[in-house]
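Observations on the model geometry
The chain contents come next:
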Amino acid sequence: MTLHAAVLDPSPKTLPAGYLETLAMLERLHRLLLDVIKDEFERLGILEINPVQALLLFNIAENEVTAGELKSRGYYQGSNVSYNLKKLVDLGYMHHQRSDIDRRSVRVRLTEKGRLVRGAMDDLFLRHAEILGRRSVVDSALLETINGALKRVERFWTEQIRYIY
């Protein structure tokens, strides 16, 4: 059976079909998360930054980081981290400072305005977690299982980037 045929097969999922379903689900979930953030920000009247930039602020939190660290830590999924960092600095959500050692390197951290947006994101995610639990959509044990499986996939993908098997 080809990979394509496995996806169309309605019988119990084969590993390739299940893997392709997971890939599609991850992509849809990421897009939905961006839409959820966009809707929340429209409700709050935060219109000058986009959901990708908001996630960047959320992930930086109280850390001081470089663009390279954002990518290596997995905090940033977008294609143009430099553009988004510059935009956030220009809009007053982040401070930036050139490194004294390597003038090409810039370290960024949140301003008070950035921390307010990060707080709004934190409130949104905590509210969602409470609703998920209250409606019995997922519980902590199931989330632990899901997160464990996703971490194993993440490790596998990281190995595929670094090594040829």
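Residues numbered from 1 in each chain as written. Predicted model: local features only at pLDDT ≥ 70, side-chain atom pairs only at ≥ 80, totals over all residues. Heavy atoms only, no water.

**With respect to unusual backbone geometry**
Of note, the phi angle at Ala61 is positive, near 50°, even though the residue is not glycine. Position of Ala61 relative to the elements: it lies in the loop between helix 3 (51–60) and strand 1 (65–66). For Ser136, which is not glycine, the phi torsion reads 60° and is therefore positive. Tracing the backbone shows Ser136 in the loop between helix 6 (112–134) and helix 7 (140–162). (Helix = DSSP H or I, 4+ residues; strand = E, 2+ residues; numbered from the N terminus.)

**Comments concerning the layout of surface pockets**
Each pocket or cavity is described by its volume, and for the largest pocket that value is around 1,600 Å³. In terms of lining residues, the largest pocket is bounded by 31 residues, among which Leu26, Leu29, Leu33, Asn147 and Leu150 are the most central. Contributing elements (two or more residues each) for the lining of the largest pocket: helix 2 (15–44), helix 4 (67–72), helix 6 and helix 7. The greatest single-element share of the lining of the largest pocket, amounting to 11 residues, is contributed by helix 7. Residue composition of the lining of the largest pocket, grouped by class: 17 nonpolar, 8 polar and 6 charged. Taken as a whole, the second largest pocket encloses approximately 240 Å³ of empty space. Contributing to the lining of the second largest pocket are 13 residues, with Ala67, Ser82, Leu85, Val106 and Val108 lying nearest its centre. Where the lining of the second largest pocket is concerned, the elements lending two or more residues are helix 4, helix 5 (81–90), strand 2 (94–98) and strand 3 (106–110). The element contributing the most residues to the lining of the second largest pocket is helix 5, with 4 residues. (1 Å grid on protein atoms, 1.4 Å probe; cavity = no way out; pocket = protein on both sides within 12 Å on 5 of 7 lines; lining within 4 Å. Points joined across faces, edges and corners; volume = space filled by probe spheres on them. Nonpolar A, V, L, I, M, F, W, Y, C, P; charged D, E, K, R; others polar.)

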